Amino acid sequence: MTSAAARAEPALLREWLGPVALEAFLASHLGRLPIAQPGTATGARTLCDWSVLEAVLAATDPPPDVLVVARGRLLPVPAPRSLAELRALLARGVGLSLRRTERCHPSLERVAAAFRPLGRSHVQLFVTPARTYGFGWHYDDEDVFIAQTAGVKDYYFRANTVAREPATAAAFRRLASESSPVYSARLAPGDFLYVPARWWHTALCVQDALSISVGVHVDEHTRA
């Protein structure tokens, strides 16, 4: 393999892939097929634990870009700025999506940097209470690399054969006509999941959960 991604050796991705060689992932999975690996992202557990989350919530320069979400709906609720405020939301079944968090914490900037050999990258954190979900079925215009760092979460995903337009709420309504098979993976702390760009996916929490989601707009020369 001669791509820039191979030469740059994205070590964190290589770690998360476990026994799957990076070259095999780029050739067979990137932009094509999901892959889940148990226990290969154990090192990520300290990258998004409750103390890191607390620091991100309190960041001011810049502050985190926070969406307050519950069961597929954005809520007009002020974003929490402390763990105490967050726990009050979790007790009500309300979670968070924190976007562009690489700007708010050095360890998350290192995560984003580790994926830049593949393309433009950014880091989201998801905080979801037990027995709930944040976003419903949707797809992203970017490839998604997920490390579960706390709690247990069931992920569901399926190929997108019906929607060709960029990801929007209107486009997501096309799910009603989707006929592709549904796959699932249960992620515990330290587990890894890759979902290709434009694949449908959603998740349901078994326990209060934290996860890192690295979104990558993959450079065309990287897609073999």
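Residues numbered from 1 in each chain as written. Predicted model: local features only at pLDDT ≥ 70, side-chain atom pairs only at ≥ 80, totals over all residues. Heavy atoms only, no water.

Caption draft 1: Broad picture of the side chain of glutamine 124. With respect to the element layout, glutamine 124 can be found in strand 5 (residues 119–128). Take glutamine 124: its relative accessible area is 14%, and that puts it in the buried class. At a separation of 3.2 Å, a polar atom in the side chain of glutamine 124 contacts the side chain of serine 97. Not counting chain neighbours up to four residues away, the residues in contact with glutamine 124 comprise Ser97, Leu98, Arg99, Thr101, Ser211, Ile212 and Ser213. (Helix = DSSP H or I, 4+ residues; strand = E, 2+ residues; numbered from the N terminus. Buried < 20%, exposed > 50% of the residue type's maximum accessible area, 1.4 Å probe, protein only. Polar contact = N/O pair within 3.5 Å; in protein donor to acceptor, adjacent residues only side chain to side chain. Contact = heavy atoms within 4.5 Å.)

Caption draft 2: Local environment of the nonpolar core. Ranked by size, the top nonpolar core spans 49 residues in total, and within it Trp16, Phe25, Phe115 and Phe145 carry the most contacts. Of all hydrophobic cores here, the second largest spans 10 residues; its members include Ile146, Phe157, Leu187 and Leu193. (Core = buried A, V, L, I, M, F, W, Y, C linked by side-chain atoms within 4.5 Å.)

Caption draft 3: Geometry of the pairing of strand 9 (residues 192–195). A two-sided burial pattern is seen for strand 9, the buried positions comprising Phe192 and Tyr194 on one face and Leu193 and Val195 on the other. In this structure, strand 1 (residues 35–37) lies alongside strand 9, joined through 3 bridges in antiparallel fashion. Opposite isoleucine 35, over in strand 9, you have tyrosine 194 as the bridge partner. (Pairing = 2+ DSSP bridges.)

Caption draft 4: Examining the sheet that holds strand 8 (residues 183–187) more closely. The strand order 8-7-10 describes an open sheet built from 3 strands, whose pairing is antiparallel. Each edge of the open sheet carries a strand with a single partner, namely strand 8 and strand 10 (200–205). The average undirected angle you get between the axes of adjacent strands in this sheet is 20°. Sheet analysis places strand 7 (residues 153–158) next to strand 8, joined by 5 bridges and oriented antiparallel. The residue of strand 8 that forms the bridge with aspartate 154 is arginine 186. (Axes fitted to C-alpha atoms, helices over the stretch in contact; angles between N-to-C directions.)

Caption draft 5: Spatial organisation of helix 6 (residues 106–115). For helix 6, the complete set of buried residues consists of Ser107, Leu108, Val111, Ala112, Ala114 and Phe115. End-on, the buried residues of helix 6 take up no more than an arc of 160°, which puts them together on one face. Projecting away from the buried face of helix 6 at angles above 90 degrees are the exposed residues Pro106 and Arg110. Residues of helix 6 that are buried in the fold lie against helix 2 (11–17), helix 4 (50–58), strand 5, strand 6 (143–150) and strand 11 (209–218). (Arc of directions from axis to C-beta.)

Caption draft 6: Expanded view of the pattern of salt bridges. Across all of its chains, the model carries 6 salt bridges by this definition. Between arginine 99 and aspartate 65 there is a salt bridge; the shortest N-O distance is 3.1 Å. With arginine 99 in strand 4 (residues 95–99) and aspartate 65 in strand 2 (residues 65–70), the pair connects residues that are 34 residues apart, well separated along the chain. When its relative accessible area of 29% is taken as the criterion, aspartate 65 is described as partly exposed. In this structure, the salt-bridge partner of glutamate 109 is arginine 116, at a minimum N-O distance of 2.8 Å. (Salt bridge = Lys/Arg side-chain N within 4 Å of Asp/Glu carboxyl O.)

Caption draft 7: Just the environment of threonine 42, in detail. Tracing the backbone shows threonine 42 in the loop between strand 1 and helix 4. What makes threonine 42 partly exposed here is its relative accessible area of 44%. Along the primary structure threonine 42 and valine 68 are separated by 26 residues, whereas in three dimensions their C-alpha atoms are 27 Å apart.

Caption draft 8: Spatial organisation of the sheet that holds strand 9. If you trace the 8 strands from one edge of the open sheet to the other, you get 1-9-6-11-5-4-2-3, paired in antiparallel fashion. The outermost strands of the open sheet, each flanked by one partner alone, are strand 1 and strand 3 (73–74). Relative to strand 3, strand 2 is paired through 2 bridges, and the arrangement is antiparallel. In the strand pairing of strand 3, valine 69 is matched with leucine 74. Relative to strand 5, helix 6 is tilted by about 135°, and along the sheet it contacts strand 5, strand 6 and strand 11.

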